Amino acid sequence: MKNEFMKRAIQLSIDSVKSGGGPFGAVIVKNDKIIAEGSNKVTSTNDPTAHGEIVAIREACKKLNNFNLDGCTIFSTAEPCPMCLSAIYWARINEIYYANTRDDARKIDFDDSLIYLELQKNIDKRKIPMTQMMRDEALKAFELWDKKVDKVKY
């Protein structure tokens, strides 16, 4: 069964390349059924976050009407990049199966190594400058959230 899910993700990645997108596909499975599919739509939508995994997560959340994908598994044609891996954790997906490695992706110019390195650095040493400002004012929203009794935790 798992092979069939990965075969579908691979077909999505091949179809994406043929239609002008990047070579990435993903499917999300729950209870042994595909509930969502995604392929790379970065260039077709001018959205740098529209990776196959993100597209599939968005579709699964809409379909289930829930931001929590606990009980789901994702099949991705490549080891998820740092953004996609973070989204998978935020969505609470339980398992990841992947085909190509990050090194395979790097060899065809999809290189995430800068991001992996940047995440390990102190904020003041990163390539993109980061400056904290207006913390006291911004903390008001955090304080409101902290005191809110009817909040939906995620």
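Our subject is the structure listed above.
Note that the coordinates shown come from a computational prediction; the quantities given were computed from them, not determined experimentally. (Residues numbered from 1 in each chain as written. Predicted model: local features only at pLDDT ≥ 70, side-chain atom pairs only at ≥ 80, totals over all residues. Heavy atoms only, no water.)

Caption draft 1: Looking closely at the pattern of salt bridges. Tallied over the entire structure, the rule returns 8 salt bridges. Between arginine 58 and aspartate 47 there is a salt bridge, with the nearest N and O atoms lying 3.5 Å from each other. Placement of arginine 58 in helix α3 (residues 52-64) and of aspartate 47 in the loop between α2 (42-45) and α3 is noted, with a sequence separation of 11 residues between them. For aspartate 47, a relative accessible area of 22% puts it in the partly exposed group. The salt bridge involving arginine 106 is made with aspartate 103; its shortest N-O contact spans 2.6 Å. Here arginine 106 and its partner aspartate 103 are both found in helix α5 (residues 102-107), 3 residues apart, which amounts to about one turn of the helix. (Salt bridge = Lys/Arg side-chain N within 4 Å of Asp/Glu carboxyl O. Helix = DSSP H or I, 4+ residues; strand = E, 2+ residues; numbered from the N terminus. Buried < 20%, exposed > 50% of the residue type's maximum accessible area, 1.4 Å probe, protein only.)

Caption draft 2: Region of interest: the pairing of strand β3 (residues 72-78). With 7 of its 7 residues buried, β3 lies for the most part within the structure. Of the pairings in the sheet, the one linking strand β1 (residues 25-30) to β3 comprises 5 bridges and is antiparallel in character. Bridge pairing links lysine 30 to cysteine 72 in β3. Across 5 bridges, β3 lies against strand β4 (residues 95-100) in parallel orientation. Counterpart to isoleucine 74 in the pairing with β4 is isoleucine 96. In this fold, the crossover linking β3 to β4 by way of helix α4 (residues 82-91) has right-handed handedness. (Pairing = 2+ DSSP bridges. Right-handed = clockwise from strand over helix to strand, strands pointing away.)

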